[in-house]
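Summary of structural features
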Amino acid sequence: MNPLTKVKLINQLNEREADLGVKETVSWHSEYKDSAWVFIGGFPYELSEGDIICVFSQYGEIVNINLVRDKKTGKSKGFCFLCYEDQRSTILAVDNFNGIKIKGRTIRVDHVKDYRPPKDSEDIDDVTKILREEGCAPSAPAPSSSSSEENEQNPVPAKKLKKDKKEKKKKKKEKKEKKRAKKETTREGRSARSSSPANCAPAVRVKEEKEDAAYDKYHHKAALSSGGQSNGQRAKANERLQDEREDRRKNQGKETEQRRQTDRDIDRRREADRERERDRNINRREGDMRREGDGEIDRRREGERERDIDRSREGDRERNRDKDKRREGDRGRETDRYREK
């Protein structure tokens, strides 16, 4: 679902409850009465933990914040989880901060029912460890007469977590040793019961095997073949065996003939393919030869044409020369005539 639609739905729920005047026990916020964590999403990436605390500390004391960042770059991913000291502060934050705009972006604020904070290193202080283990205070703190009573009710253990872990490991080892001792005693008691003559009934239940009908048939055939069979039955059995052997031989012969036939067919196909390839090669060679012959004929014809063209050109040149000579003779004659006059 789109986060903006979630923002609208939460605002609609709050408006309906405000119009109807619903009590706190019946409100949808009561489902998250055991969790003081709040989800905040959609805010700008530039905001840091301090900026978010400054904004959300208006409605209660903030105990813990987990701003989700990229492991490689360390930049914010735009959402975080925030924990209040009092659970009632979460209701105020969800009602008032859901749908507001921070630097032009609408944020979404919603309850978180079962939130498990990430595992940090051992350098964190004891107060945050207690808050992580026991959970942040879901209910309002009870009024007390003096500060000494509060310290007695909520003591802060110092460096006791490691001791508690060691004690738990010791307890587990003791339990395992006790179980082993019990098992050994039960085994010894069973062995004593089985060895005593008074207890005739077996302590262990043995599972009976199922009888195989095929074994009886085989046993019956073996008995008949050994001595219980008559001469006629033996002869019939021998005939059957011979018939079976002949059938097997015939089948084997048929299989061999089929294999040979298939091999022959394969050889024939291969020979036909080879002949086709040979014919194709021959046709290609003949075509190449024909093309070469056609090319030579064309070359000869072109040579002859060129020769004819050269001859015609030479004839034209000779004719032009004759014409020039005639013109020169005519001119000489005219000059002679003019001189005579």
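The name given to the protein in an unreviewed UniProt entry is RNA-binding motif protein, X-linked 2, and the organism recorded there is Takifugu bimaculatus. The record in UniProt for the protein states the following under Sequence similarities (unreviewed entry): "Belongs to the IST3 family."

Time to look at the overall build of the protein. When its secondary structure is counted, the protein shows eight helices and six strands. N-terminal to C-terminal, the α/β element order of the protein is α-β-α-β-β-α-β-β-β-α-α-α-α-α. When burial is assessed residue by residue, the protein has 15% of its 341 residues classed as buried. Taking contacts inside the protein between residues at least 6 apart in sequence as the whole, the part at least 24 apart equals 64%. For the protein, the accessible area works out to roughly 30,400 Å², and carbon and sulfur atoms hold 46% of it.

Spatially, four strands are ordered β2-β3-β1-β6 in an open sheet, and the strand pairing comes out antiparallel. One side of each edge strand has no neighbouring strand; the edge strands of this open sheet are β2 (62-69) and β6 (108-111). Strand-to-strand twist in this sheet, taken as the mean axis angle between neighbours without regard to direction, amounts to 20°. Examined bridge by bridge, β2 and strand β3 (residues 76-84) share six bridges and lie antiparallel to one another. Bridge assignment links L67 to a residue of β3, and that residue is C80.

A few words now on the pairing of strand β1 (residues 37-41). Most of β1 is tucked away: five of the five residues are buried. Residues of β1 alternate between two faces, with W37, F39 and G41 on one and V38 and I40 on the opposite face, all of them buried.

This brings us to the pattern of salt bridges. Summed over all chains, the structure comprises 10 salt bridges. A salt bridge links E31 to K113; the nearest nitrogen and oxygen atoms lie 3.8 Å apart. In this pair, E31 sits in the loop between α1 (3-20) and β1 while K113 sits in the loop between β6 and α4 (126-134), placing the two residues 82 residues apart along the sequence. Looking at E31, the relative accessible area reads 47%, which means it is partly exposed. Residue K113 is classed as partly exposed on the basis of its relative accessible area, which comes to 46%. Two residues, R108 and D110, come together in a salt bridge whose shortest N-O distance is 3.9 Å. Here R108 and D110 have matching classes, each one buried.

We now examine the packing of aromatic side chains. If you walk through the whole model with that rule in mind, you get eight aromatic pairs. The interplanar angle of 75° and the centroid separation of 5.2 Å between the aromatic rings of Y59 and F97 together place this pair among those described as edge-to-face. Of this pair, Y59 sits in the loop between α2 (49-56) and β2 while F97 sits in helix α3 (residues 88-97), and the two are 38 residues apart along the sequence. Judged by its relative accessible area of 27%, Y59 falls in the partly exposed class. On the accessibility criterion, F97 (6% relative accessible area) is buried. Note on F81 and Y115: the rings are 4.4 Å apart at their centroids and 25° apart in plane angle, and the pair reads as stacked. Highlighted residues: F81 in strand β3 and Y115 in the loop between β6 and α4, separated in sequence by 34 residues. Both residues of the pair, F81 and Y115, belong to the buried class.

A word on the pairing of β6. Taking every second residue as pointing to the same face, both faces of β6 are buried, with R108 and D110 on one and V109 and H111 on the other. Relative to β6, β1 runs antiparallel, the two sharing four bridges. Bridge pairing in β6 places G41 opposite R108.

Conventions and cut-offs
- Residues numbered from 1 in each chain as written.
- Predicted model: local features only at pLDDT ≥ 70, side-chain atom pairs only at ≥ 80, totals over all residues.
- Heavy atoms only, no water.
- UniProt positions renumbered as here; feature names shortened; annotations may be inferred.
- Helix = DSSP H or I, 4+ residues; strand = E, 2+ residues; numbered from the N terminus.
- Buried < 20%, exposed > 50% of the residue type's maximum accessible area, 1.4 Å probe, protein only.
- Contact = heavy atoms within 4.5 Å.
- Areas by Shrake-Rupley, 256 points an atom, 1.4 Å probe, with all protein chains shown as cover.
- Pairing = 2+ DSSP bridges.
- Axes fitted to C-alpha atoms, helices over the stretch in contact; angles between N-to-C directions.
- Salt bridge = Lys/Arg side-chain N within 4 Å of Asp/Glu carboxyl O.
- Phe/Tyr/Trp six-rings, centres within 6.5 Å; stacked < 30°, edge-to-face > 60°.

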